[in-house]
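Analysis of the macromolecular model
In case you want the letters, here they are:
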Amino acid sequence: MSEWWRERANIRAIKDLAAAHGLMIRSSREPGEERCGIVSVSIVPSKFPRELYELACVVQKDFNSLIDAVSKDHDFLTTALDSVIKTDDFTQQVFKIYEAVRLDNQQTCRLGLHRCDYMIGLGTSAGEWAGLVLRQVEINTISVSTLGLFSKLGDFHSYAHSRYYPTEPLQIPPNPCLQSLVQGLACTWEQYGKASAQILMVVQESERNIFDQRAVEFELWKRHKIAVMRKTLTELTHDASLGTSRELMVLGTEIAVVYYRAGYTPQDYPSEKEWDVRLLMERSKATVSPCASYHLVGTKKVQQALAAPGVLERKGQDQSSCGKGAGPIILGEGRMGSGEEDRMGWFLVDPEAIQRVRSTFAGLFGLDMGPEGDSVVKMALANPEGFVLKPQREGGGNNFFGEGLRDELTRVGGSPERESYIIMEKITPPPQVGLIAKAGSDVIVPTPVVGELGILGVYLRKQDEVILDFEGGHNLRTKPTTMNEGGVAVGASCLDSPNLVPAEEFVQCCIRN
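Residues numbered from 1 in each chain as written. Predicted model: local features only at pLDDT ≥ 70, side-chain atom pairs only at ≥ 80, totals over all residues. Heavy atoms only, no water.

**What to know about the overall build of the chain**
Assigned secondary structure in the chain consists of 16 helices and 22 strands. The globule rule puts the C-alpha radius of gyration for 513 residues at 24 Å, and the 23 Å found for the chain is close to it. For the chain, the spread of C-alpha atoms along the principal axes amounts to about 65 × 55 × 50 Å. For the chain, the residues scored as buried account for 57% of the 513 residues in total. The contacts in the chain between residues at least 6 apart in sequence include a share of 75% that link residues at least 24 apart. With 55 positive and 66 negative side-chain charges, the chain shows a spacing of 3 Å between the two charge centroids. (Helix = DSSP H or I, 4+ residues; strand = E, 2+ residues; numbered from the N terminus. Rg over C-alpha atoms; globule rule 2.2 N^0.38 Å. Buried < 20%, exposed > 50% of the residue type's maximum accessible area, 1.4 Å probe, protein only. Contact = heavy atoms within 4.5 Å. Lys, Arg positive; Asp, Glu negative; His and termini not counted. Charge placed at Lys NZ, Arg CZ, Asp CG, Glu CD.)

Structure representation (structure tokens):
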């Protein structure tokens, strides 16, 4: 392989190419800061097993349906989150909002903009796909980000590859992730039925990832002439109100859709007023994405509960009040019936869908007080390098690994506070050599890296009618093997594209221990 990247002039050219494609991020969160640089980016697309990529795309529709079904089952959510809402203030606040509007919900639509994240695991035997397996890292139901950047990445990599590696094959799959996200928002806006209404994007103060967010805003106007208003939760505490028919009004403008790019971390709620305005928006007629129940489905504790034996086949209850489907569904006695009415209440009906979803689960363990939780604590403390300790948080930088896991679990292991965490089996993908360009550096060093594949799911339901349900594109975030966390915005990983190859070829290109 050519080593063109050792030349400083070529490094500068590739970084300029990234900037020309809009792969940019603000330099800091300082108010008024306008300096920016390129986001970290892989200059050579990483190889990814085609078979596992295709499985991730197919199973996304299964997860779309699963998330919606779980969100409607009050008994399941209450039971799954019972210990967490007693010990974790943040999840407790989201659950309070969910309970406050559950039986008095004015929203006729549910919009899910989900992303399921996966890493490549090693199976117990050679078997199918050269012994490789797809393992889910997490389900994201709030503030799915970087799609505006990833929508431009394929062109960047195609140019760089044709310029510097013209004789080597490149198979980057189409990636309509930005267009898919915009389609979900625009279609939901259309269901509201008022041309003058706008979409409200709830953002953080001094957002570094501003260009990714602006790409969504600009695409909505370019394709649909839909205006977007940007507000922080703190700004909304004095700018938002409800009309006489529960219209959501912001400074006199009616809002059709609330799209959260914030609200997933306690730092977004410096006072009770921010929680109050989130409840106000949830009580309005505007479709909120995600609604509180979708947000709760994305918690680590619910993910752990879904992985338990028999749960995917659960005979669920539609206990939401979103549209005509309100109230419990009456099902047969303890078995799956043959009629459509019987099948409606199950989380997943298709045995193949159940198998696909279950095949992606890593080992997940609860830490409830009692003998079973005690044994999980002992297991993780005995092998801290083999597990990850996860709180109910999003946004990167929250998990505990290795000695950090040992220290934190030792601190909380004997108290009810441990119930606000889960333990996940650590996924250890086979590494390959990566080349990463970073802002502020004119040196590129070949580095062992691993990737995390995210698949976007778009799901829109109006009352009982499913209007949109599709897999909408991908992102691949690649990080050095020395990094545990993988967030692009926090600088832990880089933007990457999957170069799809057969599983056997992927194994051959990996670094051997």
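**Here we look at unusual backbone geometry**
Looking along the chain, the bond that leaves Ser-289 and enters Pro-290 is cis, with omega of 5°. With respect to the element layout, Pro-290 can be found in the loop between β12 (287-289) and α10 (292-297). In this model, Thr-146 sits at a positive phi of 70°, which is unusual for a non-glycine residue. Turning to its location among the elements, Thr-146 is positioned in the loop between β6 (132-140) and α5 (147-164).

**What about the side chain of His-295?**
In this fold, His-295 is placed in helix α10. Among the polar contacts made by the side chain of His-295, one reaches the side chain of Arg-278 at a distance of 2.9 Å. When neighbours within four sequence positions are excluded, His-295 is seen to be in contact with Phe-90, Val-94, Thr-141, Ile-142, Gly-263, Arg-278 and Pro-290. (Polar contact = N/O pair within 3.5 Å; in protein donor to acceptor, adjacent residues only side chain to side chain.)

**Here's the deal with α5**
With 18 residues, α5 should reach 26 Å at 1.5 Å per residue; the first-to-last C-alpha distance of 26 Å fits that figure. The sharpest bend along α5 comes to roughly 30°, located at Leu-153. Those residues of α5 not exposed but buried are Leu-147, Gly-148, Leu-149, Phe-150, Leu-153, Phe-156, His-157, Ala-160, His-161 and Tyr-164. (Expected span 1.5 Å × (residues − 1). Bend = angle between axes of the 7 residues up to and from the residue.)

**Brief notes about the packing of aromatic side chains**
All chains considered together, the criterion is met by 9 aromatic pairs. On the basis of an interplanar angle of 65° and a centroid distance of 5.9 Å, the ring pair of Phe-90 and Tyr-269 is categorised as edge-to-face. Taken as a pair, Phe-90 in helix α4 (residues 89-101) and Tyr-269 in the loop between β11 (253-260) and α9 (272-282) lie far apart in primary sequence, 179 residues in all. The pair formed by Phe-90 and Tyr-269 is uniform in burial state, with each residue classed as buried. By way of ring pairs, the aromatic residues Trp-4, Tyr-164 and Tyr-165 are connected into one cluster. Residue placement shows Arg-278 over the ring face of Tyr-260; its charged tip is 5.0 Å from the ring centre. (Phe/Tyr/Trp six-rings, centres within 6.5 Å; stacked < 30°, edge-to-face > 60°. Lys NZ or Arg CZ within 6 Å of the ring centre and 35° of its normal.)

**As for the state of the cysteines**
Taken as a whole and assessed by the stated rule, the structure comprises 0 disulfides. The thiol of Cys-36 is unpaired, and the distance to the nearest cysteine sulfur, on Cys-494, comes to 19 Å. In this model Cys-177 remains outside any disulfide bridge; the closest cysteine sulfur is found in Cys-57, 12 Å from its own. (Disulfide = S-S within 2.5 Å.)

**Considering the pattern of salt bridges**
Throughout the structure, instances matching the rule amount to 26 salt bridges. When the shortest N-O distance is used, the salt bridge between Glu-219 and Arg-223 registers 2.3 Å. Of this pair, Glu-219 and Arg-223 both sit in helix α7 (residues 210-224), separated by 4 residues, roughly a single helical turn. Residue Glu-219 is classed as buried on the basis of its relative accessible area, which comes to 10%. Between Glu-408 and Arg-411 there is a salt bridge, with the nearest N and O atoms lying 2.8 Å from each other. Here the residue Glu-408 and the residue Arg-411 both occupy positions in helix α15 (residues 402-412), the gap between them amounting to 3 residues, near one helical turn. According to the relative accessible area criterion, Glu-408 is buried, its value standing at 12%. Through salt bridges with shared partners, a single network forms among Arg-115, Asp-117, Glu-452 and Arg-477. (Salt bridge = Lys/Arg side-chain N within 4 Å of Asp/Glu carboxyl O.)

**Side note on the pairing of strand β7 (residues 198-202)**
Judged by how many residues are buried, β7 sits mostly within the fold: 5 of 5 residues are covered. The alternating pattern of β7 places Gln-198, Leu-200 and Val-202 and Ile-199 and Met-201 on opposite faces, both of which are buried. When β7 meets β11, the two strands line up parallel, connected through 5 bridges. In the sheet register, Val-202 faces β11, and the bridge partner there is Tyr-260. Pairing analysis gives 4 bridges linking β7 to strand β8 (residues 228-231), with the strands arranged parallel. (Pairing = 2+ DSSP bridges.)

**With respect to the pairing of strand β5 (residues 109-122)**
Here β5 lies mainly inside the structure; 13 of its 14 residues are buried. In the sheet, β5 pairs with strand β19 (residues 447-462) via 10 bridges, with the strands oriented antiparallel. Looking across to β19, one finds that Leu-113 is bridged to Val-458. Sheet analysis places β5 next to β6, joined by 8 bridges and oriented antiparallel. By the bridge assignment for β6, Ile-120 is matched with Leu-134.

**Notes on the packing of α4 against α9**
At a minimum axis distance of 10 Å, the contact between α4 and α9 shows a crossing angle of 35°. As α4 runs across α9, the sense of the crossing is right-handed. In this structure, α4 contributes Phe-90, Gln-93, Val-94, Ile-97, Ala-100 and Val-101 to the contact, and α9 contributes Glu-272, Trp-275, Arg-278, Leu-279 and Glu-282. When grouped by side-chain class, the residues that make up the contact of α4 with α9 number 7 nonpolar, 1 polar and 3 charged. (Axes fitted to C-alpha atoms, helices over the stretch in contact; angles between N-to-C directions. Left-handed = near helix turned anticlockwise from the far one by under 90°. Nonpolar A, V, L, I, M, F, W, Y, C, P; charged D, E, K, R; others polar.)

**Considering the sheet that holds strand β16 (residues 421-425)**
Reading across from one edge, β13-β16-β14-β15 is the order of the 4 strands in this open sheet, with antiparallel pairing throughout. Here the strands that pair on one side only, and so sit at the sheet edges, are β13 (364-366) and β15 (400-401). Of the strand pairs in this sheet, strand β14 (residues 387-391) and β15 are connected by 2 bridges, and their pairing is antiparallel. The partner of Val-388 across the bridge, within β15, is Phe-401.

All we've got here are geometric facts, nothing functional implied.
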